[in-house]
Each structure stands twice: as structure tokens, then as C-alpha cells.
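# A closer look at the structure
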Amino acid sequence: MFGGGVGTHYRKGGVAILERLYRIDRAVSAQGRREVYDAMEAAYRTTQQAIVNNPELQTFFFPSFVQRLRDWDTIISRYLPLRHDPARVEAWREETRQFLYAKDYSEQLTGEYIKTIELYSDFLARYEFLYTSK
């Protein structure tokens, strides 16, 4: 939707194409993006709340998924502020391992979470507002 980098390639998103097509100014563009981000955040939080609080909806998920739903947000929000500092990232890895092991995550799943967050940190940083609690 917003485009961005994929490896060494940059792709324009639909929003940029429409902005150019309709020749909107920067203020309108900024307002529109804020509104989209606000809607994304509201939908993300509403979905999480529904999964956590609605037993009927929980039947579509493994119980462990429901119990661990917010762990992803927690470890991403801890990672993003320090991701450019190798020493702090190493400490984050160890803290994350201990955090997830304490919640009965397997070594394999723990490793996958860490690897995924580091590999896709640029993407995750664009949507940091989703993973930080308000």
C-alpha cells in the first residue's frame, strides 16, 4: 500500500501512485497517511482484544496462540529502539530468549522469532506504532 524497500529494490506503493495521479499536496498526503495509520492501529488493537476476550473467536486458534498473542509486540518494542547498536542487540537476544523460554516457547520457535525480527526490522520499524502499547 505504501511501498518500500524489498532487499535492494524499492517499490512505489498504491498510495504514492494515487498521490501523483491526483496531484495532492503534502499536507493532504500527511493527513491521509495519519488517518490510515490510525485506522491500522485501531484495527490491530481491536483484533487483539477480540482474540483475547472472545471465547467463541478463540476456538479458531490454538490456546497457546491466544496466551502468547502480545509476546510478539513485547519483543519487537524492546528491539526497535536499539536495533542499530550491536552490543545492545546481543543483550536483547539473550533477554528475549529468557523471556520466551519462561513462557514455554521452544528453542526453535524462539530462534525463529529472533531471526524474523532482525531480518525484517526495517519493515517492522515502519509499523512500530502497532507494537508499542498506549
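Along each chain, the written sequence defines residue order, and numbers are assigned to residues from 1. Whole-chain, interface and lining totals are the exception, using all residues; otherwise, since this is a predicted model, local features are given only for residues with pLDDT of at least 70 and side-chain atom pairs are given and counted only at 80 or more. Think of the side-chain values as coming from all heavy atoms in the structure, minus any hydrogens and water.

### Notes on the nonpolar core
Core analysis: the largest hydrophobic core is formed by 20 residues, its most contacted members being I75, Y79, W92 and I117. Note on conventions: DSSP H or I runs of at least 4 residues are helices, E runs of at least 2 residues are strands, and numbering of each starts at the N terminus. With four residues, helix α6 (residues 86–102) is the single largest residue contributor to this core. The contact definition used throughout considers only heavy atoms, calling two residues in contact when any of these lie within 4.5 Å. Not counting residues within four places of it along the chain, the set of residues in contact with I75 comprises W92, T96, F99, L100, Y113 and I117. In plain words, nonpolar cores are sets of buried Ala, Val, Leu, Ile, Met, Phe, Trp, Tyr and Cys residues tied together by side-chain atoms within 4.5 Å. Buried means the residue's accessible area, taken with a 1.4 Å probe over protein chains only, is under 20% of the maximum for its type, while exposed means over 50%, and partly exposed covers the values in between.

### With respect to the pattern of salt bridges
The term salt bridge refers to a side-chain nitrogen of Lys or Arg lying within 4 Å of a carboxyl oxygen of Asp or Glu. Here the structure, examined in full by the defined rule, presents seven salt bridges. A salt bridge links R45 to E41; its shortest N-O distance comes to 3.4 Å. On the criterion of helical spacing, the pair formed by R45 and E41 is a turn pair, its members being four residues apart in helix α2 (residues 26–53). Here the residues in one salt-bridge network are E90, R93 and E118, joined through shared partners.

### Remarks on the packing of α6 against helix α7 (residues 107–119)
Where helices are involved, their axes are fitted lines through C-alpha atoms of the stretch in contact, as for all axes, and angles between N-to-C directions lie from 0 to 180°. As a packed pair, α6 and α7 sit with axes 10 Å apart at the nearest point and diverge in direction by 145°. As α6 packs across α7, the resulting crossing turns out to be right-handed. Residues V89, W92, R93, T96, R97, L100 and Y101 of α6 lie in contact with α7, whose contacting residues are E107, T110, Y113, I114, I117 and E118. We call Asp, Glu, Lys and Arg charged. Ala, Val, Leu, Ile, Met, Phe, Trp, Tyr, Cys and Pro are nonpolar, and the rest, Gly among them, are polar. Taken together, the residues of the contact of α6 with α7 break down into seven nonpolar, two polar and four charged. Take the far helix as the reference: if the near one is turned anticlockwise from it by less than a right angle, the crossing is left-handed, and if turned clockwise, right-handed.

### Quick look at the side chain of R68
Among the structural elements, R68 can be located in the loop between α4 (63–67) and α5 (71–79). Residues within four places of R68 in sequence aside, it is in contact with K103, D104, Y105 and L109.

### Describing the packing of α5 against α7
Put simply, α5 and α7 touch, their axes get as near as 11 Å, and they point 45° apart. Here α7 runs oblique to α5, going by the angle between their axes. Both α5 and α7 take part in a crossing whose hand is right-handed. Seen from α5, the contacting residues are W72, I75, I76 and Y79; seen from α7, they are Y113, T116, I117 and E118. Broken down by class, the residue content of the contact of α5 with α7 amounts to six nonpolar, one polar and one charged. Our angle categories are set so that under 35 degrees counts as roughly parallel, over 145 as roughly antiparallel, 65 to 115 as roughly perpendicular, and the remainder as oblique.

### Structural notes on the confidence of the model for the protein
A residue's pLDDT is the confidence the predictor assigns to it, expressed on a 0 to 100 scale. Predicted confidence across the protein gives a mean pLDDT of 92, with 96% of residues reaching 70 or more. Of all secondary-structure elements in the protein, the lowest mean pLDDT belongs to strand β1 (residues 3–6), at 68, while α6 reaches the highest, 98.

### Examining unusual backbone geometry
A positive phi angle, close to 55°, is found at R23, a residue other than glycine. Mapped onto the elements of the fold, R23 is located in the loop between α1 (14–22) and α2. Residue D104 is not a glycine yet carries a positive backbone phi of 65°. Tracing the backbone through its elements, the reader meets D104 in the loop between α6 and α7.

### What to know about the environment of T110
Here T110 shows up in helix α7. Here the alpha-carbon distance between T110 and E128, two residues 18 residues apart in the chain, equals 21 Å. Setting aside residues no more than four positions away along its own chain, T110 makes contact with R97, L100, Y101 and Y105. Polar side-chain contacts of T110 include one of 2.9 Å to the backbone oxygen of S106. Contacts described as polar in this section are N or O atom pairs within 3.5 Å, which, within protein, must combine one atom able to donate a hydrogen with one able to accept it, while residues neighboring in sequence count only if both atoms come from side chains.

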